[in-house]
Amino acid sequence: MVLGAQSETARATESQKLLNYGFLNFDAVRLYEKGQGVATLEVWKGSVREVKAGFDRELFISVPRGQGDRIKAT
């Protein structure tokens, strides 16, 4: 219980517990690098027939600890 905590100290303690749980039980896994082409999109009536699409920064997700090697971006 964080929002309903009886004091600021109790709220801070409960918040710390939540953060610790997240850091101990989850990993951040990078799915895509900045600028990496993810898909090729067809352009209709454009000056080129297709363009590559991707991300302007790295894309990470959180997964249960130890499951990162099972993740496959499709």
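In this report, we go over the structure that sits alongside the text. Counting from 1, residues in each chain are numbered in the order their sequence is written. Under the rules for a predicted model, residues below a pLDDT of 70 receive no local features and side-chain atom pairs below 80 are neither given nor counted, while totals for whole chains, interfaces and linings still include all residues. Where side-chain values are given, they derive from all heavy atoms of the structure, hydrogens and water being excluded.

## A word on unusual backbone geometry
Glycine aside, residues mostly have negative phi angles, and peptide bonds mostly take the trans form.
Line of reasoning, step 1. Despite not being glycine, K45 has its phi angle at roughly 60 degrees, a positive value.
Line of reasoning, step 2. By definition, any uninterrupted DSSP run of H or I lasting at least four residues is a helix, any uninterrupted run of E lasting at least two residues is a strand, and each is numbered from the N terminus. Here K45 lies in the loop between β2 (37-42) and β3 (50-54).

## Quick look at the pattern of salt bridges
Line of reasoning, step 1. Every case where a carboxyl oxygen of Asp or Glu lies within 4 Å of a side-chain nitrogen of Lys or Arg is listed as a salt bridge. Applying the stated criterion across every chain yields a total of five salt bridges.
Line of reasoning, step 2. One salt bridge connects R65 with D27, and the closest N-O pair in it is separated by 3.0 Å. Of the two residues, R65 sits in the segment after β4 (59-64) while D27 sits in strand β1 (residues 26-32), which places them 38 residues apart along the sequence.
Line of reasoning, step 3. Residue burial is assigned from relative accessible area. The probe radius is 1.4 Å, only protein chains are included, and a residue is buried under 20% of its type maximum, exposed over 50%, and partly exposed in between. A relative accessible area of 24% places D27 in the partly exposed class.
Line of reasoning, step 4. In this structure, the salt-bridge partner of D56 is R57, at a minimum N-O distance of 3.7 Å. Neither residue differs from the other here; D56 and R57 are each classed as exposed.
Line of reasoning, step 5. Put simply, R30, E33 and E58 are held in one network by salt bridges that share partners.

## Here we look at the packing of aromatic side chains
Line of reasoning, step 1. Pairing of aromatic side chains requires ring centres within 6.5 Å, counting the rings of Phe and Tyr and the six-membered ring of Trp. Pairs whose planes differ by under 30 degrees are stacked, by over 60 edge-to-face, and all others tilted. If you walk through the whole model with that rule in mind, you get two aromatic pairs.
Line of reasoning, step 2. With a centroid separation of 6.3 Å and an interplanar angle of 65 degrees, the aromatic rings of Y21 and F26 are classed as edge-to-face.
Line of reasoning, step 3. Judged by relative accessible area, F26 falls into the partly exposed class, the value being 34%.
Line of reasoning, step 4. Taking 5.4 Å as the distance between ring centres and 25 degrees as the angle between the ring planes, the aromatic pair formed by Y32 and F55 counts as stacked. Within this pair, whereas Y32 is found in strand β1, its partner F55 is found in the loop between β3 and β4, the two being separated by 23 residues in sequence.
Line of reasoning, step 5. On the accessibility criterion, F55 (34% relative accessible area) is partly exposed.

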